Number of protein chains: 2
Amino acid sequence: MSQGTTSDVIVIGAGISGLIAARILKQYGLKVTVLEARDRVGGRTLTLRDESIGYVDLGAMFVGATQYRLAQLLKELGIETYRVTEEESVIIQTVGKRTISNDDMPNWSNPIARMDSNNLFRTIDKLAMQVPPEAPWDCPNAEEWDSMTCTTWFDEMCWTKVTRAYADIFVRINFAVESRDLSFLYFLWYIRCAGGVLQVHLVEGGAQEQKIVGGAQQISEKLAKIIGIENVVLSRAVVKLEQGNNEVIVTTSDWGVYKGSYVVCALPQNLLNRVEFAPPLPSVRIQMLQRIPMGCCIKTFMYYEKRFWIEKGLCGSVLSDGPLLSMDDTKPDGSHPALMSFLNGDWGRKLCGETKEKRKAVLCQEYAKSLNSTEALNPINYVEFDWTGEQYSGGCYVCAYPPGVLTRYAKELRNPIGRVYFAGTETASSWTGYMDGAIQAGDRAAKEVLFAMGVINENELTDKHENAESKLDKGSEFLEVSSGMDRYLPSVPVFLKSILAVSVIGVAVFKYRDTLHKGFHLTSQRLIQLLDARR
Amino acid sequence: MSQGTTSDVIVIGAGISGLIAARILKQYGLKVTVLEARDRVGGRTLTLRDESIGYVDLGAMFVGATQYRLAQLLKELGIETYRVTEEESVIIQTVGKRTISNDDMPNWSNPIARMDSNNLFRTIDKLAMQVPPEAPWDCPNAEEWDSMTCTTWFDEMCWTKVTRAYADIFVRINFAVESRDLSFLYFLWYIRCAGGVLQVHLVEGGAQEQKIVGGAQQISEKLAKIIGIENVVLSRAVVKLEQGNNEVIVTTSDWGVYKGSYVVCALPQNLLNRVEFAPPLPSVRIQMLQRIPMGCCIKTFMYYEKRFWIEKGLCGSVLSDGPLLSMDDTKPDGSHPALMSFLNGDWGRKLCGETKEKRKAVLCQEYAKSLNSTEALNPINYVEFDWTGEQYSGGCYVCAYPPGVLTRYAKELRNPIGRVYFAGTETASSWTGYMDGAIQAGDRAAKEVLFAMGVINENELTDKHENAESKLDKGSEFLEVSSGMDRYLPSVPVFLKSILAVSVIGVAVFKYRDTLHKGFHLTSQRLIQLLDARR
């Protein structure tokens, strides 16, 4: 038991954000202590290593195409990545229909449905681009969009059942909650922070472009080594945080006492509810912390003898309104054939109370149906991790704001309270919810502390990646990436109005064809006369 | 420091709900220890006693007309009540208009607005009656109503600006949050649990009918005496709850250890986030507890030399879309003239960061404007209590569910977890959010423990007040109470359609009057001929 350890800065949380902050502070010669509630580093990254499966990322896994901070960090730490491929077909399964698609965006054969989906996501992108990432509450429609759920907006927007169902799948896979749980403004802001719909949703060119060789937890393990293992104290859940004029005293649940000049809280915001602050947090923060729930996610891996889905021309990706939100997770050398699937939102909630065996059985049945193969019923191994049951995360991937929180409370997110500063991917303004956002937030919080200590000046607060990002801001990635056809495909109401207009004109032409013909004849003659006259 | 105190049952929280549970358990001869984080009993009831103001209820205050449990408890404890009167006029102030009204329901002079408000609240009552209080998730429209905010529903429903603004006031005064924060299903359920719109909203015959002579905190003080002061341990915030097969060990933040066979948690659900459970809570509970935020309420009292508002024919009640939601709080003998006002929802959030002096000044200005008197600018005293800043409540009056929580998580609210049972007004199914609900919940949780211990049988689990309540279920209180005119007043769209129909018929009659006349003439002649032939 460490009684009275004294540091310059105490970092709470040994996930990527906290460790990035600690590394920067250490680089400036400060004594840093990182307190972690779990018996491991990594937070929401967790790599299971095992002879039978090699390694597998039970938590955060993907490296996005435009996640420059993460890419640079991986390079620094000497961690390799590999590209995720989706060469074969994707299965999209909504309202009882199984569609084989070229990629993860719906390309329904029904042209009305295709038009509708195209219009839905183009509109989302257009609206998302109106939401400033640093200050979403300043968006002109902030009030209206933060007063409705995504369900309300989707219901108004969608004309076809398949598109409406796919909208819910989009929320479930990318936010790990249901459309009804989300403020529409938060939904747009999150997409904006990532650069657009396709950035969030796609593999190639998107957030799921690459995976990490050896697993994502290595990032935190390597950072902890750089900081010094002796400075990262595991199994210390913080229960109390007392601020004086010159000092902060942090007490852990095993009665350990840690003193520091500053504190960086680098944990999901909802976990701050576990800490007794003295003096108590400001009223508005007490209220805010009750309004930032985490998503509902169980991550599952089903291992097979071989990649039977590839033989059927399927890449293993299933986007379903049933339990499956899957992708191939076979290693790049072809070893350990596996399908990874999220049980998210309502499906996670329904199945988190069941046994592991039950979940395995449900998934096998679903794989058999979606991949149209009985081989799916005979896995050789099953691994899962229930993030909803993880008391030191409270859920995954990230928080999900209900209506009213983003405009009314989120301004407070990054505001320091006395000597206490806030990191964690929830406080990021770029790629919030992702590993990249965790890095941005940790970097910012560390620099805020350094600035408060007078170690750096105001100019040094600026993030060197902001230039790279400003490129993303120029326009919707979706608009850039989409094919010409999708770009000019109308929405269903515009299409129907056009049909109506053409019909009306058609009928009019048909009915008055004699009059029109006569009129045309007369006009032509008059024109000829005029031309003759001029000659 | 109490190390290792052993009891039959540990009750966490010395508010009304916890103390009711403790009293029942003690009546059955069990050894009970009540742990309270604050240095006082009473929870969300708090009575300030002071020479200059006598006594004043900074927390829960009202005794409702049909709150039978509370009425009976007060009688048992020998606590008196007095009737709240609103004989003079009420000021309703919306969208810049100041209206003088007979009661708290809007009676706009504009007949369209009147029709609209009448229709809004009648519809709310009609829909609320479709929501079963014990199982709101079973309501036929549960899915739809729990996917939208109140804002979405109000926007669809209201035709006039004043009615739309009054709908927000109704939410703000009764729920201490904004319409956008609330699931429409939760809104209906809460009203259903109270017996209807008028039950929730009115003074006479409603939830605000009476106040307690000497203040509401007396209830808990008297209960604590019955239980035995030595069994109610103050200033003990629970930080850990460990369950074994036969025992529960509770640790407090001052390192006190309390052992018991059972535990009753009688605190707002969001505060359970402060407790480390071992084994951890089930996944679905971890998720649920992040989704039950408390309302945002600052309760204020402005004291004056005399009741200047009465002289102006005003009762002191102001229902405003500005900061004021006020009522007279002068003592029944006319002493301590005072106006009480809530700063709720957005107003509470906006002003909670300001100084007490600033809030006082804002309120005085608003009183002067609304009561049309400069005397309002010269108070002799000001008292307030910011419940949003109370870390051991997290807010007031009660929790406020965002969309998706009632249908997906609330089923879990009352489910025991091993040897841990749940009380608190949030778990009530009658008058949830009120003192009456706290009694119902404490009573139920105690009986569940007694049943689990084999002390009582299944029949004894039934609540003796259920018969009294079933009367309320027969129909909407609103429909019963409303005058004949209000009962048959149409909605705005029905009214407009009727006008349209009458106009169309009128025009038709006017246009075809000759034909009609001729037709009538011919028919009459034919009829006469027929009658003649029959003779």
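Residues numbered from 1 in each chain as written. Chains lettered and ligands numbered in written order. Predicted model: local features only at pLDDT ≥ 70, side-chain atom pairs only at ≥ 80, totals over all residues. Heavy atoms only, no water.

**As for the overall build of chain A**
Summing up its helical and strand segments, chain A has 20 helices and 20 strands in all. Per-residue burial for chain A yields a buried fraction of 63% across its 535 residues. Taking as baseline every contact in chain A between residues at least 6 positions apart, the subset at least 24 positions apart corresponds to 73%. For chain A, the accessible area works out to roughly 21100 Å², and carbon and sulfur atoms hold 53% of it. (Helix = DSSP H or I, 4+ residues; strand = E, 2+ residues; numbered from the N terminus. Buried < 20%, exposed > 50% of the residue type's maximum accessible area, 1.4 Å probe, protein only. Contact = heavy atoms within 4.5 Å. Areas by Shrake-Rupley, 256 points an atom, 1.4 Å probe, with all protein chains shown as cover.)

**A few points about the relation of the copies chain B and chain A**
Superposition of the two copies of the chain requires a rotation about an axis together with a shift along that axis. Turning chain B through 180° and shifting it by 0.2 Å along the axis lays it on chain A, with an RMSD of 0.4 Å. Taken together, the rotation angle and the small translation identify this as a two-fold axis. If distances are taken from each C-alpha of chain B to the rotation axis, the shortest is found for Arg274(B), at 2.0 Å. (Least-squares fit on C-alpha atoms with pLDDT ≥ 70 in both.)

**Comments concerning the environment of Phe385(B)**
Residue and element names in this part refer to chain B. Structurally, Phe 385 is set in strand E19 (residues 381-386). Expressed as a C-alpha distance, the spacing of Phe 385 and Gln 72, which sit 313 residues apart in the sequence, is 28 Å. Setting aside anything within four residues of it in sequence, one finds Phe 385 in contact with Leu 46, Leu 58, Cys 297, Ile 298, Lys 299 and Glu 390.

**A short note on the sheet that holds strand E9 (residues 210-212) of chain A**
Residue and element names in this part refer to chain A. Here 3 strands make up an open sheet; going across it, the order is E5-E9-E6 and the pairing antiparallel. Every interior strand has two partners, whereas the edge strands, strand E5 (62-63) and strand E6 (81-83), have only one. Pairing of E5 with E9 involves 2 bridges; the strand directions are antiparallel. Bridge assignment links Phe 62 to a residue of E9, and that residue is Lys 211. (Pairing = 2+ DSSP bridges.)

**Re the nonpolar core**
Grouped together as the largest cluster of nonpolar side chains are 130 residues, with contacts concentrated most on Ile124(B), Tyr186(B), Phe187(B) and Leu241(B). When near neighbours in sequence (up to four residues on either side) are disregarded, Phe187(B) contacts Ile124(B), Cys150(B), Phe154(B), Phe170(B), Val171(B), Phe175(B) and Leu182(B). (Core = buried A, V, L, I, M, F, W, Y, C linked by side-chain atoms within 4.5 Å.)

**Some words on the packing of aromatic side chains**
Scanning the entire structure with this criterion turns up 47 aromatic pairs over all chains. Here the aromatic rings of Trp145(A) and Phe184(A) are separated by 6.0 Å at their centres, their planes lie at 85°, and the arrangement is edge-to-face. With a gap of 39 residues between them, Trp145(A) in helix H4 (residues 142-145) and Phe184(A) in helix H7 (residues 184-194) connect regions that are remote in the sequence. For the residue pair Trp145(A) and Phe184(A), the accessibility class agrees, reading buried in each case. A ring pair is formed by Trp431(B) and Tyr434(B), whose centres lie 4.8 Å apart and whose planes are at 85°; its orientation type is edge-to-face. (Phe/Tyr/Trp six-rings, centres within 6.5 Å; stacked < 30°, edge-to-face > 60°.)

**Quick notes on the interface of chain B and chain A**
Frequently, the measure chosen for interface size is the accessible area that the parts lose on association. With 47 residues of chain B at the contact, the number on the chain A side is 47 residues. Across the interface of chain B and chain A, roughly 3900 Å² is buried in total on both sides, 50% from carbon and sulfur atoms. Sorting the residues of chain B by area buried against chain A places Arg180(B), Trp255(B) and Gln290(B) first, and these three jointly supply 17% of that buried surface. For the pair chain B and chain A, the interface holds 4 salt bridges. In this structure, Arg408(B) engages Asp346(A) in a salt bridge whose closest nitrogen and oxygen atoms are separated by 3.1 Å. Elements with a minimum of two residues in the side of chain B that touches chain A: helix H5 (150-157), strand E14 (276-278), helix H10 (283-289) and helix H12 (345-351) of chain B. When residues of the side of chain B that touches chain A are assigned to their parent elements, the largest contribution, 4 residues, is made by H10(B). Taken together, the residues of the side of chain B that touches chain A break down into 18 nonpolar, 17 polar and 12 charged. (Buried area = accessible area lost by both parts, 1.4 Å probe. Salt bridge = Lys/Arg side-chain N within 4 Å of Asp/Glu carboxyl O. Nonpolar A, V, L, I, M, F, W, Y, C, P; charged D, E, K, R; others polar.)

**Thoughts on the confidence of the model for chain A**
Averaged over all residues, the pLDDT of chain A is 91; the fraction at 70 or higher stands at 95%. Considering only residues more than four positions removed or in separate chains, one finds that residues 470-485 of chain A, a stretch of pLDDT under 50, has 20 contacts. (pLDDT = per-residue confidence, 0-100.)

**Comments concerning the domain arrangement of chain A**
Residues and elements named next belong to chain A. Domain parsing of chain A yields domain 1 (3-47 + 61-80 + 211-281 + 417-456), domain 2 (82-193 + 294-393) and domain 3 (492-534). The gap between the C-alpha centroids of domain 2 and domain 3 is 51 Å. Taken residue by residue, the interface counts 4 residues in domain 2 and 4 residues in domain 3. The interface formed by domain 2 and domain 3 holds 0 salt bridges in total. (Domains from an automatic or database assignment.)

**Some points on the state of the cysteines**
Residue and element names in this part refer to chain B. Under the counting rule described, the total for this entry stands at 0 disulfides over all chains. The thiol of Cys 265 is unpaired, and the distance to the nearest cysteine sulfur, on Cys 399, comes to 15 Å. You can call Cys 265 buried: its relative accessible area is 2%. Note on Cys 315: no disulfide assigned, nearest cysteine sulfur contributed by Cys 364 at a separation of 19 Å. (Disulfide = S-S within 2.5 Å.)

**Here we look at helix H9 (residues 217-227) of chain A**
Taken together, the buried positions of H9(A) are Gln217(A), Gln218(A), Ile219(A), Ser220(A), Leu223(A), Ala224(A) and Ile227(A). Immediately beyond the C-terminal end of H9(A), within one or two residues, lies Gly228(A), with a positive phi of roughly 105°.

**A few points about the environment of Glu390(B)**
All names here are of chain B. Considering the arrangement of structural elements, one finds Glu 390 in the loop between E19 and helix H14 (405-408). We classify Glu 390 as buried; its relative accessible area is 18%. Looking at Glu 390, its side chain comes within polar contact range of the side chain of Arg 38, at 2.6 Å. (Polar contact = N/O pair within 3.5 Å; in protein donor to acceptor, adjacent residues only side chain to side chain.)

**Description of helix H1 (residues 16-27) of chain A**
Helical geometry note: an α-helix holds 3.6 residues per turn, so side chains three or four residues apart project in the same direction. Residue and element names in this part refer to chain A. Given a rise of 1.5 Å per residue, 12 residues ought to cover 16 Å, and the 16 Å separating the end C-alpha atoms of H1 matches this to within 8%. Among the residues of H1, Ile 16, Ser 17, Gly 18, Leu 19, Ile 20, Ala 21, Ala 22, Arg 23, Ile 24 and Leu 25 are the ones counted as buried. In the stretch just after H1, Gly 29 is the one whose phi turns positive, near 85°. (Expected span 1.5 Å × (residues − 1).)

**Some words on the sheet that holds strand E9 (residues 210-212) of chain B**
Spatial strand order, E5-E9-E6 (chain B): 3 strands in an open sheet with antiparallel pairing. Edge positions in the sheet fall to strand E5 (62-63) and strand E6 (81-83) of chain B, since each has one partner strand and no second.

**Things to note about the packing of helix H3 (residues 111-128) of chain B against H5(B)**
Residue and element names in this part refer to chain B. Axis separation between H3 and H5 bottoms out at 11 Å; the angle between their running directions is 130°. Comparing their axes, H5 and H3 come out oblique. The crossing of H3 and H5 is right-handed. On H5, the residues that touch Asp 116, Asn 119, Leu 120, Thr 123, Ile 124 and Leu 127 of H3 are Trp 153, Phe 154 and Met 157. The residue makeup of the contact of H3 with H5, split by class, is 6 nonpolar, 2 polar and 1 charged. (Axes fitted to C-alpha atoms, helices over the stretch in contact; angles between N-to-C directions. Parallel < 35°, antiparallel > 145°, perpendicular 65-115°, else oblique. Left-handed = near helix turned anticlockwise from the far one by under 90°.)

**Regarding a negative patch on the surface**
On the surface, a cluster of negative charge is contributed by Glu144(A), Glu156(A), Glu144(B) and Glu156(B). Relative to the assigned elements, Glu156(A) resides in helix H5 (residues 150-157). With relative accessibility at 58%, the residue Glu156(A) sits in the exposed group. (Patch = residues over 30% accessible without salt bridge, like charges linked within 9 Å, V, L, I, M, F, W, Y side chains within 5 Å. Lys, Arg positive; Asp, Glu negative; His and termini not counted. Charge placed at Lys NZ, Arg CZ, Asp CG, Glu CD.)

**Quick notes on unusual backbone geometry**
A negative phi angle characterises most non-glycine residues, just as the trans form characterises most peptide bonds. The omega angle of the peptide bond from Ala278(B) to Pro279(B) is -5°, so this bond is cis rather than trans. With respect to the helices, strands and loops of the structure, Pro279(B) is situated in the loop between E14 and H10. A cis geometry characterises the amide bond from Cys396(B) onward to Tyr397(B), with omega recorded as -5°. Looking at the element boundaries, Tyr397(B) is found in the loop between E19 and H14. We note that Asn372(A) has phi near 55°; this positive angle belongs to a residue other than glycine. For Asn372(A), the position within the fold is in the loop between helix H13 (356-370) and strand E19 (381-386).

**With respect to the packing of helix H2 (residues 68-77) of chain B against helix H9 (residues 217-227) of chain B**
Residues and elements named next belong to chain B. Where H2 meets H9, the closest approach of the two axes is 11 Å, and the angle between their N-to-C directions is 60°. Compared by their axis directions, H2 and H9 come out oblique. Crossing angle aside, the handedness with which H2 passes H9 is left-handed. Here Leu 70, Leu 73, Leu 74 and Leu 77 of H2 come into contact with H9, specifically with Ile 219, Lys 222, Leu 223 and Ile 226.

**Concerning the pattern of salt bridges**
On inspection of all chains with the given rule, the structure shows 50 salt bridges over all chains. For Arg180(B), the salt bridge identified is with Glu143(A), shortest N-O distance 3.5 Å. Of the two residues, Arg180(B) is situated in the loop between helix H6 (161-175) and helix H7 (184-194) and Glu143(A) in helix H4; the pairing between them involves two chains. In this structure, Arg236(A) and Asp254(A) form a salt bridge, with 3.1 Å as the shortest nitrogen-oxygen distance. Residue Arg236(A) is located in the loop between strand E10 (232-233) and strand E11 (238-243), and its partner Asp254(A) is located in the loop between strand E12 (248-252) and strand E13 (257-265); the two are separated by 18 residues in the primary sequence. When its relative accessible area of 16% is taken as the criterion, Arg236(A) is described as buried. Via salt bridges that share partners, Glu143(A), Arg408(A), Arg180(B), Asp346(B) and Arg349(B) belong to a single interconnected network.

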